[in-house]
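Residue strings, one per chain:
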Amino acid sequence: MSKQLNDLFAHNRRWAAEMQTNQPGFFTRLSTQQTPKYMWIGCSDSRVPANQITGLEPGEVFVHRNVANVVVHSDLNALSTVQFAVERLKVSHVMVVGHYGCSGVQAALEGARIGLADNWLRHIQDVRDRHSGILDGLDAQQRADALCELNVIEQVLNVSQTTVLQDAWLRGQDVTVHGWIYGLHDGLLKDLKVTVEGNLAIEASYARAIASVSSSRTGSPTPDAIS
Ligand code: CO
């Protein structure tokens, strides 16, 4: 094995030993069950690791990541993880976490041809086209940042509209969906305040969050932001 890969195993043995020393029985406890309170839906980007950013340990956050943190209603992979998290693990919070400087979002914004992923990023181009009224008036940097935020807000809407969340709320289950965004440049998370706690809250929360993306950059909400 190459030295680089050997290093990973060496790090792993050291980490496991430290965990065991600091918290005796840690792995024995986790091997029998996981009881995370959180589900993280994030970008695959190597710079946005869910556990490290939030200071959570193994067992504390259930994670689904894909290119540009997209939740599509026909994606069985995403839907299955959401179902497992909500129905089996009974997480209290599902957070969709985007990040500024997302290359998937940037490619979608520019209509750049990458290859197979173009079909995946088409979902973000739908977001771009839906909110052209907000995006068209912004400079390049602002437009990219705004689309990263709008993408998170749209994905929160998508998660909230899945049968999994709809059924959970009908059952009276206590689970909240959030939209956050991470800054690669400062390591900080920001709440986009598109929190959805139940069926009734979806539209109002969505409209407020979209309006805020616009007003935070132009000073006033654009018509399509509040429609
Ligand atoms: Co990304």
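Everything that follows concerns the structure shown earlier in this document.
Source: prediction; values computed, not measured. What you see as residue numbers is a count from 1 along each chain, following the sequence as written. Residues qualify for local features only when their pLDDT is at least 70, as the model is predicted, and side-chain atom pairs are given and counted only at 80 or more; totals for whole chains, interfaces and linings, by contrast, use all residues. As a convention, hydrogens and water are excluded, and side-chain values are obtained from all of the structure's heavy atoms.

### Considerations on the sheet that holds strand 1 (residues 38–43)
- Here we have five strands laid out as an open sheet, ordered 2-1-3-4-5, and mixed in their pairing. The two strands at the open ends of the sheet, each matched to only one other strand, are strand 2 (61–66) and strand 5 (189–191). Put simply, the sheet's adjacent strands are angled 25 degrees from each other on average, direction ignored.
- Relative to strand 4 (residues 176–182), strand 3 (residues 93–99) runs parallel, the two sharing seven bridges. Each residue of the ladder has a partner; that of Val97, found in strand 4, is Trp180.
- Relative to strand 2, helix 4 (residues 76–88) is tilted by about 170 degrees, and along the sheet it contacts strand 1, strand 2 and strand 3.
- In what follows, residue pairs with any heavy atoms lying within 4.5 Å of each other are defined as contacts. Fitted lines through C-alpha atoms give the axes, limited to the stretch in contact for helices. The angle between two N-to-C directions lies from 0 to 180 degrees. Helix numbers and strand numbers start at the N terminus; a helix is a DSSP run of H or I with at least 4 residues, a strand a run of E with at least 2. Against the sheet, helix 8 (residues 140–160) makes contact with strand 1, strand 3, strand 4 and strand 5, and its axis sits at roughly 160 degrees relative to strand 4, the strand it touches most. Paired strands, as defined in this entry, are two strands with at least two bridges between them according to DSSP.

### Overview of the packing of helix 5 (residues 103–110) against helix 8
- At a minimum axis separation of 10 Å, helix 5 and helix 8 run at an interaxial angle of 110 degrees. Judged on the interaxial angle alone, helix 8 and helix 5 are roughly perpendicular. Here helix 5 and helix 8 pass one another in a crossing that is right-handed. Residues Val105, Gln106 and Leu109 of helix 5 lie in contact with helix 8, whose contacting residues are Arg143, Ala144, Leu147, Cys148 and Asn151. What sets the label is the angle itself: under 35 degrees gives roughly parallel, over 145 gives roughly antiparallel, 65 to 115 gives roughly perpendicular, and the rest give oblique. Crossing handedness: left-handed means the near helix sits turned counterclockwise from the far one by under a right angle, and right-handed means the same turn made clockwise.

### Let's talk about the pattern of salt bridges
- A pairing counts as a salt bridge when a side-chain nitrogen of Lys or Arg comes within 4 Å of a carboxyl oxygen of Asp or Glu. The final tally for this structure, using the stated rule, is nine salt bridges.
- Between Arg122 and Asp126 there is a salt bridge, with its nearest N and O atoms 3.1 Å apart. Taken together, the residues span about one helical turn, with Arg122 and Asp126 both in helix 6 (residues 117–130) at a distance of four residues.
- Throughout this description, buried means an accessible area under 20% of the type-specific maximum (1.4 Å probe, protein chains only), exposed means over 50%, and partly exposed covers the range between. What makes Asp126 partly exposed here is its relative accessible area of 33%.

### Things to note about the side chain of Arg128
- Summarising the element assignment, Arg128 is placed in helix 6.
- Under this definition, polar contacts are N or O atom pairs within 3.5 Å; protein pairs additionally need one hydrogen-donor-capable and one acceptor-capable atom, and for neighbouring residues in sequence, both atoms have to be side-chain atoms. In this structure the side chain of Arg128 is engaged in a polar contact, spanning 2.9 Å, whose partner is the side chain of Asp129.

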